[in-house]
Amino acid sequence: MAHRPPFIAKFSLILLHTMPLPSFENSPLSMNQDLDRANANTIKDFETAIAMCRDIFEKKLRDYGTSWRVMRPSSLTDQIYIKARRIRSIEEKGLENARVKEGVVPEFIGIVNYCAIALIQLSLGCGESLSHERALKLYDKEIEASTRLMLDKNHDYDEAWRHMRVSSFTDIILQKLLRTKEIESHEGKTIISEGIDANYRDMINYALFALIKLADD
């Protein structure tokens, strides 16, 4: 079995402690006969989607370092917007009509990773380069915080997202981006709504939902 990054193993434990599951034997993913299969599938699906995004983040870290440290969150919002608009364009026109024959999966991965970077930048501000080790640790921290939020909502809504279309996730991400842009134009101040960070976290989770649904198709 391939070695899993420490964060992925930790994520399994978070899932197991957050969801109302029966006892486990040997492996975090081994099931006794009473285990609810939907919950077990959620554990496996999210591990797979997160590992895929983290792998791309780590490889680009090796190629480019933390060059994104110069970017302001508003610029990252625009990068995420470009990716979401391309997904919407492919959904409406079809990949066969696109000039670049690259599907939507890399774009959803990009949304997850850019949102994690934006959260890091919100926390640290623009600044000097980070070591690869620290950048990965901060990435894991933001993904973990975002998925904790998802797990709470997933429990309350009984995995309703599994019955949604990928195109709905795209539209919701675009809506979150427009909200984020509006809040940014108000210098991050809101009257009653959640802040910019909450929108980035929601976008991470909707993009992960989309990656899981696309893998199932």
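Analysis parameters
Residues numbered from 1 in each chain as written. Predicted model: local features only at pLDDT ≥ 70, side-chain atom pairs only at ≥ 80, totals over all residues. Heavy atoms only, no water. Helix = DSSP H or I, 4+ residues; strand = E, 2+ residues; numbered from the N terminus. Buried < 20%, exposed > 50% of the residue type's maximum accessible area, 1.4 Å probe, protein only. Contact = heavy atoms within 4.5 Å. Areas by Shrake-Rupley, 256 points an atom, 1.4 Å probe, with all protein chains shown as cover. Core = buried A, V, L, I, M, F, W, Y, C linked by side-chain atoms within 4.5 Å. Salt bridge = Lys/Arg side-chain N within 4 Å of Asp/Glu carboxyl O. Polar contact = N/O pair within 3.5 Å; in protein donor to acceptor, adjacent residues only side chain to side chain. Expected span 1.5 Å × (residues − 1). Axes fitted to C-alpha atoms, helices over the stretch in contact; angles between N-to-C directions. Parallel < 35°, antiparallel > 145°, perpendicular 65-115°, else oblique. Nonpolar A, V, L, I, M, F, W, Y, C, P; charged D, E, K, R; others polar. Phe/Tyr/Trp six-rings, centres within 6.5 Å; stacked < 30°, edge-to-face > 60°. Lys NZ or Arg CZ within 6 Å of the ring centre and 35° of its normal.

## Focus on the overall build of the protein chain
Right, on to step 1. In terms of regular secondary structure, the protein chain is built from seven helices and zero strands.
Right, on to step 2. What you see in the protein chain, going N to C, is helices and strands ordered as α-α-α-α-α-α-α.
Right, on to step 3. The buried share of the protein chain, reckoned over its 217 residues, is 43%.
Right, on to step 4. Within the protein chain, contacts between residues separated by at least 24 positions form 76% of all contacts whose residues are at least 6 apart in sequence.
Right, on to step 5. Carbon and sulfur atoms make up 50% of the accessible area of the protein chain, which totals about 12300 Å².

## A look at the nonpolar core
Right, on to step 1. Of all hydrophobic cores here, the largest spans 48 residues; its most connected members are W68, F108, I111, V112, I173, Y200 and L208.
Right, on to step 2. Taken together, the elements giving at least two residues each to this core come down to α2 (37-64), α3 (73-93), α4 (105-124), α5 (132-157), α6 (166-185) and α7 (196-216).

## Notes on the pattern of salt bridges
Right, on to step 1. Tallied over the entire structure, the rule returns 14 salt bridges.
Right, on to step 2. E159 serves as the salt-bridge partner of R162, at 3.4 Å between the closest nitrogen and oxygen.
Right, on to step 3. Each of R54, E58, R62 and D140 takes part in a single network of salt bridges with overlapping partners.

## Overview of the side chain of T147
Right, on to step 1. Topologically, T147 is positioned in helix α5.
Right, on to step 2. Among the polar contacts listed, one links the side chain of T147 to the backbone oxygen of I143, at a separation of 2.9 Å.

## Some details on α6
Right, on to step 1. Helix length check: α6 (20 residues) gives 29 Å between terminal C-alpha atoms against 28 Å at 1.5 Å per residue, within 8%.
Right, on to step 2. Considering only its buried residues, α6 is in contact with α3, α4 and α7.

## Side note on unusual backbone geometry
Right, on to step 1. The residue D158 is not glycine, and still its phi comes out positive at about 55°.
Right, on to step 2. Of note, D158 is situated in the loop between α5 and α6.
Right, on to step 3. Residue classification places D158 among the exposed residues on the basis of a relative accessible area of 64%.
Right, on to step 4. Of note in this structure, E159 is not a glycine but carries a positive phi near 55°.
Right, on to step 5. For E159, a relative accessible area of 9% gives the class buried.

## Regarding the packing of α4 against α5
Right, on to step 1. Interaxial distance between α4 and α5 falls to 9 Å at its minimum, and their mutual angle equals 105°. Of the possible angle classes, the one that applies to α4 and α5 is roughly perpendicular. Between α4 and α5, the contacting residues are V112, N113, A116, L119, I120 and L124 on the first element and R134, A135, L138, Y139, E142, I143 and S146 on the second.
Right, on to step 2. Of the residues in the contact of α4 with α5, the class split is nine nonpolar, two polar and two charged.

## Overview of the environment of A198
Right, on to step 1. By the secondary structure assignment, A198 is in helix α7.
Right, on to step 2. The spatial distance from the C-alpha of A198 to the C-alpha of S146 is 8.6 Å, given a sequence separation of 52 residues.

## Here's the deal with the packing of aromatic side chains
Aromatic ring pairs are described here by two measures, namely the spacing of the ring centres and the angle between the planes.
Right, on to step 1. All chains considered together, the criterion is met by eight aromatic pairs.
Right, on to step 2. Aromatic side chains F46 and W161 sit 5.8 Å apart centroid to centroid with 85° between the ring planes, which places their arrangement in the edge-to-face category. In this pair, F46 sits in helix α2 while W161 sits in the loop between α5 and α6, placing the two residues 115 residues apart along the sequence. Pair check on accessibility: F46 and W161 agree, each one buried.
Right, on to step 3. Measuring from ring centre to ring centre gives 6.5 Å for F57 and W68, while their planes differ by 45°; the resulting arrangement is tilted. Residue F57 is located in helix α2, and its partner W68 is located in the loop between α2 and α3; the two are separated by 11 residues in the primary sequence. Comparing F57 with W68 shows no difference in burial state: the two are buried.
Right, on to step 4. Ring pairing ties together the aromatic residues F46, W161, F169, Y206 and F209, which thus form one cluster.
Right, on to step 5. Of note, K181 hangs over the ring of Y81, and the distance from its end group to the ring centre comes to 5.1 Å.

On their own, these measurements won't tell you what the molecule is for.
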